[in-house]
Amino acid sequence: MLNKTVDLASQRGSPDPRPRRQLPPWLSTAALLLPTYGWLTLAVFLPLLTMLVFSFLTATPMGNKPIVFTLKQYRAFIDQPYLIGIGINSLMIGFWTTLSCAVLGFLAALALARATAGKARETLLVLILLPFWTNGLVRVFSWTMVLRENGFLDNLLHMIVPDAGSISILYTRYAIVVGLVHGYLPYMILTCYIALVTIDDAIIEAATSLGARWWTILWKILLPMAGPGLISGAILTFVPVIGSFMEPRILGGRVGVTMGTVIEDQFTQAFNWPLGASLSFTLLAVVLAIFATFSGVLRRGTAA
């Protein structure tokens with residue numbers, strides 16, 4: 001009787017000799033990817049495909065006008081040459097904004113990575129992320145109070161130098177760049193910080209022990225090794241800046257006409273959706289060209 005009990009216990013504890021049925025690898029992978037790509041399809045790919053179709057039409061299907069497929073909308077830069085100047089203005093604003101963010105963001109990230117630690121670093125990172133917690137429209141309108149004539153900056157100057165003239169820069173390209181830098185500087189700081197914090201301290205100590213000056217360490221070690229972070233931050237800044245419309249419209253006034261404001265006007269004011277869609281995809285082509293240009297440099301920097 002005891003032997004039978006031992007045999008039953010051993011049989012219960014032994015693994016099941018029958019193999020369990022497992023899902024095919026492709027099916028499990030598809031099940032994991034389905035929620036993400038399903039949401040991307042509904043929220044991104046289908047709207048983009050719809051706008052792409054609209055860009056080849058003479059009118060939208062929602063109206064009563066006859067619909068004809070045409071490439072006329074993509075000839076906008078030829079038929080309306082003033083768009084070329086607007087496009088150049090958008091690229092220049094994007095260039096100066098990205099350059100300003102690169103200089104300020106790299107220096108701020110360098111201070112975070114090399115001169116702070118512990119709670120001080122955590123506090124500063126929270127302060128850097130603070131602009132993301134406020135409404136963008138509130139941030140932009142706040143700058144109008146600072147940059148306008150008799151604004152905060154103007155009054156501060158007159159308190160120091162009473163006879164000084166007005167330094168109002170509102171409704172200029174400088175004001176647009178200031179507002180855009182405020183909004184997109186955290187992207188540059190974070191990408192540069194991630195690149196700088198991974199640099200081994202032993203490399204800096206070895207260069208210092210060999211007699212390298214601080215500027216040599218900056219130009220020969222820190223900048224090259226933080227190159228992928230700078231390039232990533234530049235792409236994350238330049239791409240949305242050239243399509244922005246809120247900061248140019250509010251801070252730029254008459255000089256704030258950019259591709260972003262023109263596209264917005266085509267959708268909301270002129271109701272010319274095909275032209276707005278074609279301009280959007282032209283801007284998207286510029287963005288893809290930027291990615292294609294810097295992807296090889298980014299890969300080489302990351303590999304190094």
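A. Structural context of the overall build of the protein. Broken down by element type, the protein carries 14 helices and 0 strands. Secondary structure elements in the protein, listed N-terminal to C-terminal, are α-α-α-α-α-α-α-α-α-α-α-α-α-α. Residues classed as buried in the protein amount to 32% of the 304 residues present. In the protein, 64% of the contacts between residues at least 6 apart in sequence involve partners at least 24 apart.

B. Representation of the packing of aromatic side chains within the structure. Within this structure, the stated rule accounts for 5 aromatic pairs. Seen from their ring centres, phenylalanine 56 and tyrosine 74 are 5.2 Å apart, and the 35° between their planes marks the pair as tilted. Of the two residues, phenylalanine 56 sits in the loop between helix 2 (25-54) and helix 3 (76-79) while tyrosine 74 sits in the loop between helix 2 and helix 3, which places them 18 residues apart along the sequence. Assessed through its relative accessible area of 27%, phenylalanine 56 is described here as partly exposed. For tyrosine 74, a relative accessible area of 31% translates into the label partly exposed. Among the aromatic residues, those joined into a cluster by ring pairs are Phe54, Phe267 and Trp273.

C. Representation of the nonpolar core within the structure. Among the nonpolar cores identified, the biggest contains 26 residues, and Phe106, Leu196 and Leu222 are the most heavily contacted of them. Taken together, the elements giving at least two residues each to this core come down to helix 4 (82-115), helix 8 (173-197), helix 9 (201-209) and helix 10 (214-225). No other element matches the 9 residues that helix 8 contributes to this core. Those residues in contact with phenylalanine 106, other than ones at most four positions away along the chain, are Cys101, Cys192, Leu196, Leu218, Leu222, Leu223, Ala226 and Leu230. By size, the runner-up hydrophobic cluster in this structure holds 13 residues, among which are Ile86, Phe238, Ile242 and Ile263.

D. Inspection of a nonpolar patch on the surface at higher detail. Among the surface-exposed residues, Leu42, Leu46, Leu49, Leu52, Val53, Phe69, Leu71 and Tyr74 lie close enough to one another that they form a single nonpolar patch of about 770 Å² accessible area. Note on placement: leucine 52 falls in helix 2. Residue class for leucine 52 comes out partly exposed when judged on its relative accessible area of 31%.

E. Quick peek at the environment of valine 177. With respect to the helices and strands, the residue valine 177 is situated in helix 8. The exposure class of valine 177 is buried, given its relative accessible area of 12%. Residues valine 177 and glycine 94, 83 residues apart in the sequence, show an inter-C-alpha distance of 8.2 Å. Residues contacting valine 177, with those up to four places away along its chain left out, are Trp96, Thr97 and Ser100.

F. Region of the structure containing helix 10. Taking 1.5 Å of rise per residue, 12 residues should cover 16 Å, and helix 10 covers 15 Å from first to last C-alpha, within 8% of that figure. In this fold, the buried residues of helix 10 make contact with helix 4, helix 8 and helix 9.

G. How the structure looks around the side chain of glutamine 73. Along the chain, glutamine 73 falls in the loop between helix 2 and helix 3. The buried category is assigned to glutamine 73, whose relative accessible area is 11%. Those residues in contact with glutamine 73 that lie beyond four places of it in its chain are Ser55, Leu57, Thr58, Pro274, Leu275 and Ser278.

How each quantity is defined
- Residues numbered from 1 in each chain as written.
- Predicted model: local features only at pLDDT ≥ 70, side-chain atom pairs only at ≥ 80, totals over all residues.
- Heavy atoms only, no water.
- Helix = DSSP H or I, 4+ residues; strand = E, 2+ residues; numbered from the N terminus.
- Buried < 20%, exposed > 50% of the residue type's maximum accessible area, 1.4 Å probe, protein only.
- Contact = heavy atoms within 4.5 Å.
- Phe/Tyr/Trp six-rings, centres within 6.5 Å; stacked < 30°, edge-to-face > 60°.
- Core = buried A, V, L, I, M, F, W, Y, C linked by side-chain atoms within 4.5 Å.
- Patch = residues over 30% accessible without salt bridge, like charges linked within 9 Å, V, L, I, M, F, W, Y side chains within 5 Å.
- Areas by Shrake-Rupley, 256 points an atom, 1.4 Å probe, with all protein chains shown as cover.
- Salt bridge = Lys/Arg side-chain N within 4 Å of Asp/Glu carboxyl O.
- Expected span 1.5 Å × (residues − 1).

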